[in-house]
Amino acid sequence: MNLSRLLIILCILPIFSLAQVPTQTIRGTIINKDTRQPIEGAQILTLDMTPPKGAITNAEGVFRIQHVPTTTGRVRLMATHINFDSVTTDNLQLNSAKELIVNFEMNEAIMTMEGVVISYGESPVEALSSFDPVSRRSFRVEETQRYAGTVNDPSRMAMGFAGVQASQDNNSDIIIRGNSPVGLLWRLEGIDIPNPNHFARKGSSGGGITIFSAQVLGNSDFATGAFSAPYGNALSGVFDMNFRRGNTENREYRLKAGLLGLDFATEGPLKKGKSSYLVNYRYSTLGILNDVGFRLVGERIDNNFQDLSFNLYLPTKNPNTTFTVFGLGGLSEELWDPVQDSLSWSRPYRTTRDYLTRMGAGGATFTHLIDDKSFIKAVVAVMGDRVVDNDDTLNISSLTPNPDPGILENSVDWTSLQESPFEMEEYVNSRISSHVYYSRRLSPKAMMQTGVLASHIRYQFSHQQRIPDSTAFETLVSGKDNSNLLQTYVQFRFNPTDRFSLNAGLHAMTLTLNQTASLEPRLSMKYRVNEQISLSAAYGIHSQTLPLGNYFTQIQGIEGINMPNIGLKMPKAHHAVIGYEQVFDNNLRLLVEGYYQHLYDLPVTPSSAPSDYMLLNERDGYATQALSSDGTGVNMGVDVTFEKFFSNGVFFLWNGSLYESNYTASDGKTYSTRYNSRYNTSLMAGTEFKAGKGGSIQLGARTVLNGGLRYTPGDEVLSKEAKVFVGKSGAAFSEGVGEYFRIDLRAAYRKNLKKSAYTISLDVQNATNRRNVRDQIYDPGYNRLVNRFQSGLIPVISFQIDF
């Protein structure tokens, strides 16, 4: 080889090497947050990239940045426009197999009397709602993949946010600022939906794991109180979820397999460049693991679940009109079986249980931009959920000797085991719901939104329990009929100066079942001291209907069966919040919020039969005794958040809370609620660094420490006599289970190839194998009170490939 050829090869090699670097396209749209109109002439730049790349939006608000190298693994974007507040994203994942589609919503900047435009940058957690300056943050689905121990579950991710208490290993209950988990509202694509959890519990908003798959979720909001008028029928918080649109230009696929199950997603164009589809299906492998003897949840518990989610994006020939069709559904079952080896039975009996849950919702949205100042959106959906909970007892005393011990395990005949049902429950709730709202910018400094939500509800409830020492059953809850829930609201926002914004609204709600109603004013403000510091405050009255089964409690009286709870009022609360926020250099943010919540019309026992009972302390289920709406309560405290947004390969989120949660019962005494842990702190942190060409390693941890839930100590004597747990009278939730402490760990390796990408991850939940106490129960096998414990160490390994 002569010298000239060698020089040519050496010159070509760097070019050839550069061509082999996987690149990706970043594209999306930028619209006005208030009017939904596209923004032309906005500039998009890649930050922390040398040299930076950029693009400018066209008349449709569309931008495209091509040939972005994926070797960095991450990219941070900033959108700017002379007439709008700038927006900066967190570090977004660059995937060589999937286009990065980012849709920005920008707030219009305020113009001063001197004609100067004042623009304030938005943080990556700025709420999607422009009416809520306090107790609200947005989150991206990628955060659920980054935080340790969340296993892509948004509800478990929310347990690391300010004011949210994590205290259940196997449950996704969201306890906000001392409120019952039932106070949470779930909303999808603008419509209120039933409890979207696998293994959903009756009369609760939680379960085992949410039906929402990380593969279909878009940017969403999470609120923890004093929310604006568009939200009603909630006392504690709102999970406002949105599905993202599928890729309108290219087909993309994702397959994920792990300890918890299989997950397959596909998206792509229905008509290239116009419409798209997005579909995800998950199937739990827990059933397979159970069959081979590995029971993740418990020694005798079989779990299985599956779900399907989809979103169809269907724009019309009119560029101002868009349709979408969306849906999700989930099936789950939990079966409790007796341990087959009777020698390992520490009690003389075992209980079996069949717990089945079904949930589905499907609907369509219609959005029309009326003019450059207003739009209308309508959502119509059909939905329903069903929970079946049947309990039986098995008594070892019924077993007879096995005539042929060599055939069956142990020397007993299992076919002689007697099964005796003792409790049966069924809950069915289906509805047709709609939400129509109109939004208009009244002037450069004012806007308005008004809407109506209506739900026609069909329900069926049944709860039967065997009478002790009898074969007969008594009916505790029974109801079958239909009702309507009607809500309407109006919300205004004013910006009298470039630094000050004021929100005022009114929400009204009526339940036709018992003709109860609520009228709820809402007010909030935000004042920007400068570009780094802002002050905020909010006040509102909030109300919520009780889970419908509570209205149908049956009591046997002298004159027959009566339903004393049908007229219960909606529990209500005055909620006030003040906040201080400061943004520092290096992507640091400090947020301090103090809150006071006065609750009233709480369901307690009547004054004619005073006691310490209050319904919202129940974990799930429905009332089995007569109640009145005479209880009150107070939740008060302070939340502190200090976080570093993901930059330079590092992030952390620390939250601390000090609070009190009390209620006053019909006996006139004040007690702690079940959720009064008094303090709560959590730290989620992680780092990511390059590992070879196109590879990266991610390490993360989460720690949780709080005072633990409270419980009513049992009366040993009365519990033994009744053969069930009986709490001490007048000692409601006077004791705590002790500190709840937990550490979760995460390690992942991600690799970008030319046409595909894969991730291997390991999440270790409760890495120290600490057995936190859950509560105290009566064990009829031991005939005494015992502590019930939560889960130990759980490793969750998974492999994901995009292509």
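Thresholds applied
- Residues numbered from 1 in each chain as written.
- Predicted model: local features only at pLDDT ≥ 70, side-chain atom pairs only at ≥ 80, totals over all residues.
- Heavy atoms only, no water.
- Core = buried A, V, L, I, M, F, W, Y, C linked by side-chain atoms within 4.5 Å.
- Buried < 20%, exposed > 50% of the residue type's maximum accessible area, 1.4 Å probe, protein only.
- Helix = DSSP H or I, 4+ residues; strand = E, 2+ residues; numbered from the N terminus.
- Contact = heavy atoms within 4.5 Å.
- Pairing = 2+ DSSP bridges.
- Phe/Tyr/Trp six-rings, centres within 6.5 Å; stacked < 30°, edge-to-face > 60°.
- Polar contact = N/O pair within 3.5 Å; in protein donor to acceptor, adjacent residues only side chain to side chain.
- Patch = residues over 30% accessible without salt bridge, like charges linked within 9 Å, V, L, I, M, F, W, Y side chains within 5 Å.
- Areas by Shrake-Rupley, 256 points an atom, 1.4 Å probe, with all protein chains shown as cover.
- Salt bridge = Lys/Arg side-chain N within 4 Å of Asp/Glu carboxyl O.
- 1 Å grid on protein atoms, 1.4 Å probe; cavity = no way out; pocket = protein on both sides within 12 Å on 5 of 7 lines; lining within 4 Å.
- Points joined across faces, edges and corners; volume = space filled by probe spheres on them.
- Nonpolar A, V, L, I, M, F, W, Y, C, P; charged D, E, K, R; others polar.
- pLDDT = per-residue confidence, 0-100.

Points about the nonpolar core
Item 1. In terms of nonpolar packing, the biggest core is built from 39 residues, with I193, F212, F222 and F239 touching the most fellow members.
Item 2. Where this core is concerned, the elements lending two or more residues are α3 (154-158), β15 (184-188), β20 (237-241), β25 (321-336), β26 (349-371), β27 (374-395) and β41 (650-664).
Item 3. Residue contacts for I193: discarding those within four places in its chain leaves W186, R187, L188, F212, M359, A361 and M383.

Let's talk about the sheet that holds β15
Item 1. The mixed open sheet is built from five strands, whose spatial order is β12-β19-β20-β15-β16. Single-partner strands in this sheet number two, and they are β12 (136-139) and β16 (191-192).
Item 2. Of the pairings in the sheet, the one linking β15 to β20 comprises five bridges and is parallel in character. The partner of W186 across the bridge, within β20, is F239.

Re the pairing of β41
Item 1. The pairing of strand β40 (residues 628-647) with β41 spans 14 bridges and is classified as antiparallel. Within β41, the residue paired with G637 across the bridge is Y659.
Item 2. Turn length for the β40-β41 hairpin, with the two strands adjacent in sequence and antiparallel, is two residues, and the turn residue N648 shows positive phi of about 55°.
Item 3. In the sheet, β41 pairs with strand β43 (residues 679-690) via nine bridges, with the strands oriented antiparallel. Across the sheet, W654 pairs through a bridge with L683, a residue of β43.
Item 4. With three bridges joining them, β41 and strand β42 (residues 670-672) adopt antiparallel strand pairing. The partner of T664 across the bridge, within β42, is T670.
Item 5. Linkage of β41 to β42, two consecutive antiparallel strands, is achieved through a turn of five residues, within which G668 is found at a positive phi near 85°.

Observations concerning the packing of aromatic side chains
Item 1. What the rule picks out here adds up to 24 aromatic pairs.
Item 2. Taking 6.2 Å as the distance between ring centres and 50° as the angle between the ring planes, the aromatic pair formed by F63 and F104 counts as tilted. Placement of F63 in strand β4 (residues 62-69) and of F104 in strand β9 (residues 104-106) is noted, with a sequence separation of 41 residues between them. By the burial criterion, F63 is buried, and F104 matches it.

Some details on the side chain of N706
Item 1. Along the polypeptide, N706 turns up in strand β44 (residues 695-706).
Item 2. Residue classification places N706 among the buried positions, given a relative accessible area of 0%.
Item 3. Of the polar contacts made by the side chain of N706, one reaches the side chain of N680; its length is 3.2 Å.
Item 4. Of note is the side chain of N706, whose polar atom sits 2.8 Å from the backbone nitrogen of G708.
Item 5. For N706, the contacting residues outside a window of four places in its chain are Q165, A166, S677, Y679, N680, E739 and Y740.

Points about a nonpolar patch on the surface
Item 1. On the surface, a cluster of nonpolar side chains totalling about 310 Å² of accessible area is made up of F584, F642, W654 and L683.
Item 2. The residue F642 is located in strand β40 in this model.

A look at empty space enclosed by the protein
Item 1. Summed over all chains, the structure comprises 13 cavities of 30 Å³ or more.
Item 2. Of the pockets and cavities examined, the largest cavity occupies roughly 810 Å³.
Item 3. In terms of lining residues, the largest cavity is bounded by 49 residues, among which E126, D132, P133, K526 and R528 are the most central.
Item 4. For the lining of the largest cavity, a count of residues per class yields 15 nonpolar, 14 polar and 20 charged.
Item 5. What lines the second largest cavity is a set of 31 residues, and nearest its centre among them are P194, N195, Y427, N429 and R431.
Item 6. Looking at side-chain class alone, the lining of the second largest cavity contains 16 nonpolar, ten polar and five charged residues.

Things to note about the pairing of strand β23 (residues 275-284)
Here is the key point about a regular strand: its side chains alternate between the two faces of the sheet.
Item 1. Most of β23 is tucked away: seven of the ten residues are buried.
Item 2. Where strand β22 (residues 261-271) and β23 come together, ten bridges link them in antiparallel fashion. The residue bridging P269 from the neighbouring strand is S276, located in β23.
Item 3. Taking the residues between adjacent antiparallel strands as the criterion, β22 and β23 are bridged by three residues, where G273 takes a positive phi near 80°.

Side note on unusual backbone geometry
Working note: non-glycine residues mostly have negative phi, and peptide bonds are mostly trans.
Item 1. Note that the residue after T50, namely P51, is joined by a cis bond; omega there is -10°.
Item 2. Position of P51 among the secondary structure elements: in the loop between β2 (43-47) and β3 (54-56).
Item 3. Residues other than glycine seldom take positive phi values, yet N233 does so here, at roughly 60°.
Item 4. Inspection of the secondary structure puts N233 in the loop between β19 (220-223) and β20.
Item 5. You will see that N766, though not glycine, has its phi angle at about 55°, which is positive.
Item 6. Looking at the element boundaries, N766 is found in the loop between β48 (757-765) and β49 (773-779).
Item 7. According to the relative accessible area criterion, N766 is buried, its value standing at 1%.

Let's talk about the confidence of the model for the protein chain
Item 1. In the predicted model, the protein chain carries a mean pLDDT of 87, and the fraction of residues at 70 or more is 89%.
Item 2. For the stretch residues 6-19, pLDDT sits under 50, and the model shows two contacts to residues farther than four places along the chain or on other chains.
Item 3. Within the model, the stretch residues 404-412 combines pLDDT values under 50 with 19 contacts to residues more than four positions away or in other chains.

A word on the environment of G218
Item 1. Here G218 is to be found in the loop between β18 (209-210) and β19.
Item 2. On the basis of relative accessibility, which here comes to 11%, the residue G218 falls in the buried class.
Item 3. Each C-alpha atom, one on G218 and one on F243, is 4.9 Å from the other, the two residues being 25 residues apart in sequence.
Item 4. With residues up to four places along the chain from it excluded, the contact list for G218 reads F139, N242, F243 and R244.

Thoughts on the pattern of salt bridges
Item 1. Under the defined criterion, the tally for this structure stands at 42 salt bridges.
Item 2. The shortest N-O distance in the salt bridge between D744 and R702 comes to 3.1 Å. With a gap of 42 residues between them, D744 in strand β47 (residues 740-752) and R702 in strand β44 connect regions that are remote in the sequence.
Item 3. Residue class for D744 comes out buried when judged on its relative accessible area of 1%.
Item 4. Put simply, D775 and R788 hold a salt bridge, and the shortest N to O gap is 2.7 Å. Residue D775 is found in strand β49, and its partner R788 is found in strand β50 (residues 784-789); the two are separated by 13 residues along the sequence.
Item 5. Residue classification places D775 among the buried residues on the basis of a relative accessible area of 7%.
Item 6. Put simply, K202, R353, D389, D391 and E425 are held in one network by salt bridges that share partners.

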